[in-house]
Amino acid sequence: MKRNKTFKIALGGICLALAVIFMFGASFIPGIELTLYLISSLFTAIMIIETGAGGGALVFGGASLLGLVLIPNKLALIPYVFCYGYYAILKFYIEKIKSGILQIAVKVIYFAAIISIGLLGFKVVLASSIHIPDYPVWVLIIAGTALMILYDFVLTFLINWYMRRFKGDGNASLKLS
């Protein structure tokens, strides 16, 4: 079914609002922040499914800007803005690679890079206010990469659920890459 412009604009507004609501929740509800960031990034993926990568980029950019304006705890936006928010866009392009093994390799390299940059950033910028466990850095990078692979798996599951439930695509199957 062809989607008209009004539908795309309305869906974009709904996805944007829901992404900001879940980011707001992540800034206040301790213990489930990563779950709420995952859900907020799902709305970027929904826009990509419905309108393409440009629509997803607009939702990510709009949610990031609105988050900076509306959410009092600006530090809570760091994970969304620098990792989770745009991952659905990156995932869209990575999964265009034909080889599943290469897809996984690119994702693992990306995850390891993001975790490494995050650890360095926290140590340099937030050294006095956040305590990072005294484990070797390589252990933290491997553990963080494993969590990001789990995040990718759950995001893929949610995207496939959306495809089956709302797009009527009974052939949507869970790909591990």
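Residues numbered from 1 in each chain as written. Predicted model: local features only at pLDDT ≥ 70, side-chain atom pairs only at ≥ 80, totals over all residues. Heavy atoms only, no water.

**Points about the overall build of the protein chain**
Logical step 1: Across its full length, the protein chain carries 7 helices and 0 strands.
Logical step 2: The order of helices and strands in the protein chain, counted from the N terminus, is α-α-α-α-α-α-α.
Logical step 3: Restricting to contacts in the protein chain with at least 6 residues of sequence separation, those with at least 24 account for 66%. (Helix = DSSP H or I, 4+ residues; strand = E, 2+ residues; numbered from the N terminus. Contact = heavy atoms within 4.5 Å.)

**Regarding the confidence of the model for the protein chain**
Logical step 1: The pLDDT averaged across the protein chain works out to 86; a share of 87% of its residues lies at or above 70.
Logical step 2: By mean pLDDT, helix H6 (residues 100–125) is the weakest element of the protein chain at 85, and helix H3 (residues 53–70) is the strongest at 94. (pLDDT = per-residue confidence, 0-100.)

**Here we look at the side chain of Thr44**
Logical step 1: When you line up the elements, Thr44 lands in helix H2 (residues 33–51).
Logical step 2: Looking at Thr44, the relative accessible area reads 0%, which means it is buried.
Logical step 3: When neighbours within four sequence positions are excluded, Thr44 is seen to be in contact with Gly56, Val59, Phe60, Tyr80, Gly85, Ala88 and Ile89. (Buried < 20%, exposed > 50% of the residue type's maximum accessible area, 1.4 Å probe, protein only.)

**Brief notes about a nonpolar patch on the surface**
Logical step 1: On the surface, a cluster of nonpolar side chains totalling about 480 Å² of accessible area is made up of Leu65, Leu66, Leu68, Val69 and Leu70.
Logical step 2: Judged by relative accessible area, Val69 falls into the exposed class, the value being 63%. (Patch = residues over 30% accessible without salt bridge, like charges linked within 9 Å, V, L, I, M, F, W, Y side chains within 5 Å. Areas by Shrake-Rupley, 256 points an atom, 1.4 Å probe, with all protein chains shown as cover. Salt bridge = Lys/Arg side-chain N within 4 Å of Asp/Glu carboxyl O.)

**Some points on the packing of H2 against helix H7 (residues 137–166)**
Logical step 1: Where H2 meets H7, the closest approach of the two axes is 10 Å, and the angle between their N-to-C directions is 50 degrees. Comparing their axes, H7 and H2 come out oblique. Of the two possible hands of crossing, H2 and H7 adopt the one that is right-handed. Within the contact between the two elements, H2 uses Leu38, Ser41, Leu42, Ala45, Ile46, Ile49 and Glu50 and H7 uses Tyr151, Val154, Leu155, Leu158, Ile159, Tyr162 and Met163. (Axes fitted to C-alpha atoms, helices over the stretch in contact; angles between N-to-C directions. Parallel < 35°, antiparallel > 145°, perpendicular 65-115°, else oblique. Left-handed = near helix turned anticlockwise from the far one by under 90°.)

**Let's talk about the environment of Leu140**
Logical step 1: Relative to the helices and strands, Leu140 resides in helix H7.
Logical step 2: Taking the relative accessible area as the measure of exposure, Leu140 reaches 18% and is therefore buried.

**With respect to the packing of H3 against helix H5 (residues 87–94)**
What describes two packed helices is the angle between their axes and the distance between those same axes.
Logical step 1: The N-to-C vectors of H3 and H5 enclose an angle of 160 degrees; their axes lie 9 Å apart at closest approach. What the angle tells us is that H3 and H5 run roughly antiparallel. Like other packed secondary-structure pairs, H3 and H5 cross with a definite hand, here left-handed. Counted together, Ala53, Gly56, Ala57 and Phe60 of H3 and Ile89, Phe92 and Tyr93 of H5 form the full contact between these two elements.
Logical step 2: When the residues that make up the contact of H3 with H5 are grouped by side-chain class, the tally is 6 nonpolar, 1 polar and no charged. (Nonpolar A, V, L, I, M, F, W, Y, C, P; charged D, E, K, R; others polar.)

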